[in-house]
Amino acid sequence: MSPRLRWGLIGASDIAATRVLPKIRERGDTVNAIQSGTLERGRSFANTAGIEHVVTDVGDLVERDDIDAVYISSANHHHHRQAIAAAEAGKHVLCEKPIALSIADAERMLRVADDNDVVLAVNHHLPGADTHTEIRRLVRAGAIGRLLAVRLAHAVMLPERLRGWRVNAPEGGGVVMDITCHDASVLDPLLAEHPHAAAGLAVRQGSWAQEAAQTDVLVPDAVMATLSYKSGVLVQLHDAFTISYGETRLEVFGEEGTITGLGVMTQDPSGSVWLQSEAGTREIDIPDRADLYMVGLDSFAAAIDGTGEPSVTGEAGVRALSVALAVHTSLASGETVTLSERSASHTVRGT
Ligand code: NDP
């Protein structure tokens, strides 16, 4: 049993309210304070959630003595600065994805966490899903032989309540930082390899209007990208905010079979996994269906306790970011982007 924690929330966000705060409480942890850039929104969040203290300044939150750890779920461009403030104050950091918006910023976060001897983890939920753990186990066990390709469909309809900065902010908004980044968190542990090159094409296809004042650069809401690996594996991604009908899917093709995860690119512990080979097609039994966010919280607390590793470490968060940034750069340049070497070693539960 990992230790109970006393939390401070940074960001009065949807994900905190809908997914993470309920699981923090279910663990028996306490939430003692929340920071929001807007006092009124912070108060409203705190009233609904029953949180006693509200601050607007991150410094006032991270200096509190009644907090062991912070959960950062602000808009993406704030993560870096807030995580560094928390780590410098000696607080452990569970940061939402993307870890930051540049590799230099993300690596600085890792260094500051290290220097201050605090745990920094990234809240990519998918690698901790039991379906994904089982797919990785099958791949490692050689169930489909030498790996050839992955096709990943992570195209969904963005709920109306989330169509703010996500569809408009040139810095930190868009489908690549939101969804491609999650795909990348799945691929490195699955393939035990970091991609060598990335190329993508993106469009703006949603019926939502871009806020006129923002910029004349359209923030993409649908992307198709290809990654290639030195081992010869090819990966194809379709990520979108615009698809109402269709199931998410993760297909892994090997010389001796194919593993298909249906409905597994999701926030819920759902979906099915199928193995197709010479012996036919069969569904893989997945008896455990732990909540994905609980997996992240438990592993974070175990890392603080010294009894485990975060489901997604800061390093793994940087690797995921590097793939998203490579796709992003390819969209801007129209060229294939070569990624620098990064170890794909991983620490996901059960693998
Ligand atoms: P929200 O848009 O709900 O919240 C982000 C910030 O926007 C808040 O911290 C708040 O700032 C501000 N904000 C919230 N509501 C409003 C509003 N009505 N008007 C103006 N500003 C507002 O973000 P999400 O919950 O969708 O995402 C937060 C983070 O979590 C992102 O980094 C995202 O990538 C990540 N995320 C991760 C998921 C996962 O499964 N791991 C899933 C969804 C999101 P302030 O606090 O200063 O008031």
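Residues numbered from 1 in each chain as written. Predicted model: local features only at pLDDT ≥ 70, side-chain atom pairs only at ≥ 80, totals over all residues. Heavy atoms only, no water.

### What about the site of the ligand?
Around the ligand, 24 residues are found, and the nearest of them are S36, G37, R41, N76 and Y293. Backbone polar atom of S74 to an oxygen atom of the ligand: 3.2 Å apart, as the coordinates give it. The separation between an oxygen atom of the ligand and a polar side-chain atom of Y293 is 2.5 Å. Contact with the protein chains covers 76% of the free accessible surface of the ligand, which is 890 Å². Listed by contribution, the elements that provide at least two residues to the shell around the ligand are α1 (14-26), α7 (165-168) and α8 (175-191). (Near = heavy atom within 4 Å. Polar contact = N/O pair within 3.5 Å; in protein donor to acceptor, adjacent residues only side chain to side chain. Areas by Shrake-Rupley, 256 points an atom, 1.4 Å probe, with all protein chains shown as cover. Helix = DSSP H or I, 4+ residues; strand = E, 2+ residues; numbered from the N terminus.)

### With respect to the pattern of salt bridges
By the definition in use, this model includes 18 salt bridges. The salt bridge partner of R4 is D29, with a shortest N-O separation of 3.3 Å. Remark: D29 occurs in the loop between α1 and β2 (30-35) and R4 occurs in the segment before β1 (6-10); sequence separation between them is 25 residues. Among the salt bridges present, the one from E255 reaches R146, with a minimum N-O distance of 3.0 Å. You can see E255 sitting in the loop between β11 (249-254) and β12 (257-262) and its partner R146 sitting in the loop between α6 (130-140) and β7 (147-155), a full 109 residues away along the chain. Classification of R146 by relative accessible area gives partly exposed; the value is 48%. Overlapping salt bridges bring together R4, R27, D29 and D298 as one network. (Salt bridge = Lys/Arg side-chain N within 4 Å of Asp/Glu carboxyl O. Buried < 20%, exposed > 50% of the residue type's maximum accessible area, 1.4 Å probe, protein only.)

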